[in-house]
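Chain residues, written in single-letter form:
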Amino acid sequence: MLNEKLHSYIEGLISERNPLLTEMENYASVHHVPIMELSGIETMLQLLRIHRSDRILEVGTAIGYSALRMANALPHAHIVTIERDLERIEAAEQFIQRSEHSHQITLIKGDALEVEDIVKEHALFDAIFIDAAKGQYKKFFEMYAKYLKDDGMIITDNVLFKGLVAEQEIETKRIRNLVKKIDEFNHWLMSHPDYDSVILPVGDGVAISKRRGERK
Ligand code: SAM
């Protein structure tokens, strides 16, 4: 979201990841697996450290990159992560097994909108990270916010969707519909009575929502 020069400058200052994570970044690039952008993930990890999140729910594992980044950054945390794509599940399982963090990660296989009963066995969560089908963000949020601790935080990626949320004219109908859904989600989120939210223009746009305290 910053100009290219500053963006490259900041990314150039971020330390190299370990060999397994670097291999995963290359795998994602070669196999066109979308993983969270570097500046977005670094921002999220820093927030999770400050928040001292111990139990984290992730919606959208892909190949396990962000789950392993979280496990690496938060050695005491447990991450419950959901993925429905079989090929990605297989890749994630292999990468997680090869890491030193497999004991910190529980992978739930299935559609996030159909595995609530399994997820709730692992609740409550300090943080929930939503990074799956963009058109379903509101559904994921509403389904899993019930399992967030009172002082918990929800992080949602891709809320600026390559800047397209601010564009008036979008030619492709499918993209136009998706942008409309993300825009509706952003408006809904920013006026939600139970959460204070902010949208950070890092990575692909990251929304941070903090519960306003005790539930009614
Ligand atoms: N969080 C990952 C990372 O940064 O390493 C990237 C996740 S990728 C952007 C989104 C993933 O969510 C895809 O692998 C997709 O198959 C999965 N996904 C999308 N909708 C889903 C759903 N309803 N239930 C489970 N997984 C879903």
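Residues numbered from 1 in each chain as written. Predicted model: local features only at pLDDT ≥ 70, side-chain atom pairs only at ≥ 80, totals over all residues. Heavy atoms only, no water.

### Structural notes on the side chain of Q104
Convention followed: Every helix listed is a DSSP run of H or I at least four residues long, and every strand listed is a run of E at least two residues long, numbered separately from the N terminus. When accessible area is computed with a 1.4 Å probe and restricted to protein chains, residues below 20% of their type maximum are described as buried, those above 50% as exposed, and intermediate ones as partly exposed. Every residue pair with non-hydrogen atoms within 4.5 Å of one another is taken to be in contact.
In this fold, Q104 is placed in the loop between α5 (86-98) and β3 (105-109). The exposure class of Q104 is buried, given its relative accessible area of 4%. Excluding its chain neighbours within four sequence positions, the residues that come into contact with Q104 are A71, L74, P75, H76, A77, H78 and I79.

### Here we look at the site of the ligand
Worth spelling out the cut-off: One heavy atom within 4 Å of a molecule or strand is enough for the residue carrying it to be called near that molecule or strand. Here a polar contact is taken to be a pair of N or O atoms separated by no more than 3.5 Å, where protein atoms must pair a possible hydrogen donor with a possible acceptor and residues adjacent in sequence count only if both atoms sit in side chains. Under the convention used here, a 1.4 Å probe and the Shrake-Rupley method define accessible areas, while residue burial counts only the protein chains that appear. Following the grouping adopted for this structure description, the nonpolar residues are Ala, Val, Leu, Ile, Met, Phe, Trp, Tyr, Cys and Pro, the charged ones are Asp, Glu, Lys and Arg, and the polar ones are all others, Gly among them.
Close to the ligand lie 21 residues; M36, G60, E83, A112 and D131 are nearest. Side-chain polar atom of S66 to a nitrogen atom of the ligand: 2.9 Å apart, as the coordinates give it. R88 places a side-chain nitrogen or oxygen 2.9 Å from an oxygen atom of the ligand. Protein contact buries 93% of the 600 Å² of open area that the ligand shows by itself. Residues that form the shell around the ligand fall into these classes: ten nonpolar, four polar and seven charged.

### A closer look at a nonpolar patch on the surface
To keep things clear, this is the line we draw: Like charges are joined within 9 Å and nonpolar side chains (Val, Leu, Ile, Met, Phe, Trp, Tyr) within 5 Å, but only among residues with over 30% relative accessible area and no salt bridge; these make up the patches. When a carboxyl oxygen of Asp or Glu is within 4 Å of a side-chain nitrogen of Lys or Arg, the pair counts as a salt bridge.
On the surface, a cluster of nonpolar side chains totalling about 420 Å² of accessible area is made up of L6, Y9, I10 and L13. Relative to the assigned elements, Y9 resides in helix α1 (residues 4-13). The exposure class of Y9 is exposed, given its relative accessible area of 53%.

### Some words on the nonpolar core
Which entries qualify depends on this criterion: The nonpolar core is taken to be a set of buried Ala, Val, Leu, Ile, Met, Phe, Trp, Tyr and Cys residues, with the residues joined through side-chain atoms within 4.5 Å.
Counting 37 residues, the largest nonpolar core has M24, M44, L48, I56, I63, M70 and I155 as the members making the most contacts within it. Residue assignment for this core shows that the elements contributing at least two residues are α2 (19-30), α3 (38-51), α4 (65-73), α5, β3, β4 (125-130), β5 (148-157) and β7 (206-211). A per-element tally of this core places α4 first, with six residues. With sequence-adjacent residues up to four places away left out, I56 is seen in contact with L48, M70, L74, A77, H78, I79, V80, F125 and A127. Judged by nonpolar contacts, the second largest core, of 26 residues, contains V115, Y147, L160 and L189.

### Details of the pairing of β7
The condition that has to hold: Two strands qualify as a pair provided that DSSP identifies no fewer than 2 bridges between them.
The buried fraction of β7 is high, at five of six residues. Where β5 meets β7, five bridges bridge the pair, whose relative direction is antiparallel. Note that in β7 the partner of T156 across the bridge is A207. With six bridges connecting them, strand β6 (residues 195-200) and β7 associate as antiparallel partners.

### Let's talk about α1
With zero of ten residues buried, α1 lies mostly on the surface of the structure. Of the residues flanking the start of α1, the one acting as N-cap is N3, its side-chain oxygen 3.1 Å from the backbone nitrogen of K5.

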